[in-house]
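# Geometric and topological summary
Chain residues, written in single-letter form:
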Amino acid sequence: MDASNWIVGVAVAAVALVLAMGLYNMMRGGNPERSQKLMRMRVLLQFVAILIAMAVLWWRAL
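Rules of the game
- Residues numbered from 1 in each chain as written.
- Predicted model: local features only at pLDDT ≥ 70, side-chain atom pairs only at ≥ 80, totals over all residues.
- Heavy atoms only, no water.
- Helix = DSSP H or I, 4+ residues; strand = E, 2+ residues; numbered from the N terminus.
- Expected span 1.5 Å × (residues − 1).
- Buried < 20%, exposed > 50% of the residue type's maximum accessible area, 1.4 Å probe, protein only.
- Contact = heavy atoms within 4.5 Å.
- Axes fitted to C-alpha atoms, helices over the stretch in contact; angles between N-to-C directions.
- Parallel < 35°, antiparallel > 145°, perpendicular 65-115°, else oblique.
- Left-handed = near helix turned anticlockwise from the far one by under 90°.
- Nonpolar A, V, L, I, M, F, W, Y, C, P; charged D, E, K, R; others polar.

- For the protein, an unreviewed UniProt entry supplies the name Twin transmembrane helix small protein and the organism Camelimonas fluminis.

## Brief notes about helix α1 (residues 3-27)
- Under the 1.5 Å per step criterion, the end-to-end length of α1 is 36 Å for 25 residues, consistent within 8% with the ideal 36 Å.
- All of the buried residues in α1 are Ser-4, Ala-11, Val-15, Val-18, Gly-22 and Asn-25.
- Residues of α1 that are buried make contact with α2 (32-61).
- Downstream of α1 by one or two residues, Gly-29 has phi in the positive range, about 75°.

## Some thoughts on the packing of α1 against α2
- Running from N to C, α1 and α2 cross one another at 165°; their axes reach a closest spacing of 9 Å. Put simply, α1 runs roughly antiparallel to α2. For the pair α1 and α2, the sense of crossing is left-handed.
- Split into classes, the residues belonging to the contact of α1 with α2 amount to 16 nonpolar, six polar and three charged.

Structure, rendered in structure tokens:
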């Protein structure tokens, strides 16, 4: 497994972790502000993960 696969995996795992944290907070009836912050963080991390994946694809095409 090369470094590019590893970095994409870390980005996807970060998105999955924040998603799981948000779902857990929602299921236990946690603070709505925290849920909103987690949702925003997830969207940002998804954007970063897509950028990383696109960069890896571009790098491999060189």
